[in-house]
Amino acid sequence: MTDTPPLIFTQLSLPDSEIARNAFAFSARVTPEYLLNHSVRSYVFARAHANHRDLRSGLDYDDELLFLSCVLHDVGLSEQGNGDQRFEVDGADTAAEFLREQGVEEPRIQVVWDAIALHTSDGIAARKGAEVSIAQAGITTDILGLGRETLPAGLADDVHALLPRSDLAYRFTDAVLSQALAKPQKASPTTFVGQSLRRHLPYGAYPDWHDLLATTGWGDKPVTTGGRRRADTPQQVGPLFMEYLQAGDLEGLVSLYEPNAHFVPQPGNHAVGTEAIRNALRQLIDSGAKLKLEPRELRVVGDVALVSNTATLTGATPEPVVSNTTEILRRQPDGGWVHVVDDPFFT
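So, a few notes on the structure that sits alongside this text. Note that the structure is a prediction, hence the values are computed from the model and not measured.

Procedures and definitions
- Residues numbered from 1 in each chain as written.
- Predicted model: local features only at pLDDT ≥ 70, side-chain atom pairs only at ≥ 80, totals over all residues.
- Heavy atoms only, no water.
- Axes fitted to C-alpha atoms, helices over the stretch in contact; angles between N-to-C directions.
- Helix = DSSP H or I, 4+ residues; strand = E, 2+ residues; numbered from the N terminus.
- Parallel < 35°, antiparallel > 145°, perpendicular 65-115°, else oblique.
- Left-handed = near helix turned anticlockwise from the far one by under 90°.
- Contact = heavy atoms within 4.5 Å.
- Nonpolar A, V, L, I, M, F, W, Y, C, P; charged D, E, K, R; others polar.
- Polar contact = N/O pair within 3.5 Å; in protein donor to acceptor, adjacent residues only side chain to side chain.
- Core = buried A, V, L, I, M, F, W, Y, C linked by side-chain atoms within 4.5 Å.
- Buried < 20%, exposed > 50% of the residue type's maximum accessible area, 1.4 Å probe, protein only.
- Expected span 1.5 Å × (residues − 1).
- Salt bridge = Lys/Arg side-chain N within 4 Å of Asp/Glu carboxyl O.
- Pairing = 2+ DSSP bridges.

Quick word on the packing of helix α4 (residues 63-71) against helix α7 (residues 130-144)
Okay, so step 1: Packing of α4 against α7 leaves a shortest axis separation of 9 Å and a crossing angle of 45°. Comparing their axes, α7 and α4 come out oblique. In this structure, α4 crosses over α7, and the sense of that crossing is right-handed. Contacts between α4 and α7 involve Leu65, Leu66, Ser69 and Cys70 on the former and, on the latter, Glu131, Ile134 and Ala135.
Okay, so step 2: Here the residues of the contact of α4 with α7 are counted per class, giving five nonpolar, one polar and one charged.

What to know about the environment of Thr216
Okay, so step 1: Here Thr216 is to be found in the loop between α11 (209-214) and α12 (237-247).
Okay, so step 2: For Thr216, the side chain forms a polar contact with the main-chain oxygen of Leu213, separated by 3.4 Å.

Notes on the packing of helix α2 (residues 18-30) against α4
Okay, so step 1: Where α2 meets α4, the axes come as close as 10 Å, and the angle between the chain directions of the two elements is 5°. Here α4 runs roughly parallel to α2, going by the angle between their axes. In this structure, α2 contributes Ile19, Ala20, Ala23, Phe24 and Ser27 to the contact, and α4 contributes Glu64, Phe67, Leu68 and Val71.
Okay, so step 2: Among the residues making up the contact of α2 with α4, the classes are represented as seven nonpolar, one polar and one charged.

Notes on the nonpolar core
Okay, so step 1: Core analysis: the biggest nonpolar cluster contains 46 residues, and Leu14, Leu72 and Leu99 have the highest contact counts within it.
Okay, so step 2: Sorting the residues of this core by element identifies α1 (7-11), α2, α3 (33-52), α4, α5 (87-101), α6 (106-117) and α7 as the ones contributing at least two each.
Okay, so step 3: Per-element accounting of this core gives the leading share, eight residues, to α3.
Okay, so step 4: Apart from residues no more than four positions distant in its own chain, Leu99 is found in contact with Ile19, Leu68, Leu72, Val104, Ile109 and Val112.
Okay, so step 5: By size, the runner-up hydrophobic cluster in this structure holds 24 residues, among which are Leu256, Ala271, Ala280 and Leu281.

Things to note about α2
Okay, so step 1: The first and last C-alpha atoms of α2 sit 18 Å apart over 13 residues, in line with the 18 Å expected at 1.5 Å per residue.
Okay, so step 2: Those residues of α2 not exposed but buried are Ile19, Ala20, Arg21, Asn22, Ala23, Phe24, Phe26, Ser27 and Val30.
Okay, so step 3: Against the buried residues of α2 lie α1, α3, α4 and α5.

Some points on the pattern of salt bridges
Okay, so step 1: Across all of its chains, the model carries 20 salt bridges by this definition.
Okay, so step 2: With a shortest N-O distance of 2.8 Å, Asp142 and Arg41 are connected by a salt bridge. In this pair, Asp142 is assigned in helix α7 and Arg41 in helix α3, connecting sequence segments 101 residues apart.
Okay, so step 3: With relative accessibility at 0%, the residue Arg41 sits in the buried group.

Details of the pairing of strand β4 (residues 304-314)
Okay, so step 1: Here 11 bridges tie strand β3 (residues 290-301) to β4, and the two strands are oriented antiparallel to one another. The partner of Leu291 across the bridge, within β4, is Leu313.
Okay, so step 2: Turn length for the β3-β4 hairpin, with the two strands adjacent in sequence and antiparallel, is two residues, and the turn residue Gly302 shows positive phi of about 60°.
Okay, so step 3: Here β4 pairs with strand β6 (residues 326-331) via four bridges, running antiparallel. Pairing of Val304 across the sheet is with Arg330, part of β6.
Okay, so step 4: Inspection of the sheet shows β4 paired to strand β5 (residues 321-324) by four bridges, in the antiparallel sense. In the strand pairing of β5, Ala311 is matched with Ser323.
Okay, so step 5: Turn length for the β4-β5 hairpin, with the two strands adjacent in sequence and antiparallel, is six residues, and the turn residue Gly315 shows positive phi of about 95°.

Right under this line is the structure:
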């Protein structure tokens, strides 16, 4: 039990109840200062969001529950809270256990559990009770800056002066990754933690969503549009380009480029964006060109591939044009690979 509240309670008008002080003391004991500061700032921002939404403490939401939800929301990143579940759920379970020891009633514990377990779940937390929704809004503001434009003028500066950020966003990410590297089961590929973990492991060591789809065992295949095949690997882009050019399929060729891709149809001529690339490819088709691509080199790092082919272009000029291409491909959200940069003349 904490008899005298810390000075920060007065400075920021935090809820001054016994359970609030004890929760603050617990969070201060098990989490580093930068996470404690984040947790308190999240409450202050959450309270500001409540005011902005015309929600009234004691009528529309329980201010003590909001504080408990925020000040305890990252205890899953502590040594005490580091179990085998995703950190949000471990944190919710750890917070619930602490609150039971403090004699808090189960319905109130459930609100805090929901707020902590769902605080990274966009589109879900906002549909729950007021405390859950407001807590997530405050936490998200402090991590990602979302909604900061609605905060009262000067509030963020005042709070940061009392509770320094200490590079919160990156230190928080490092803490999440540290747990996930030791316990990959805490980082489902469908979560932001899983996405972050994938960037820190060798390519192919950790699946993404489309990798999971490919291993379901049900035999599902990608749905194509316009009867065209998709390049499911970087190696398939070149053969598809030759096929579409041979068929005079302009839209098929265009489908092999990102909307803001760079294509160099001739030395010094850079076509940027879908319309410019479409025009350049139309001229290539109209010239009667034929293209032969022979693979030279391939480097794949995550969702990006560096490709080089020996390209032999005939029909467009009196003499064949032979070059070594430089191509950067990127895997798209649907799993297909397309060009970001396609330069047959880069040296």
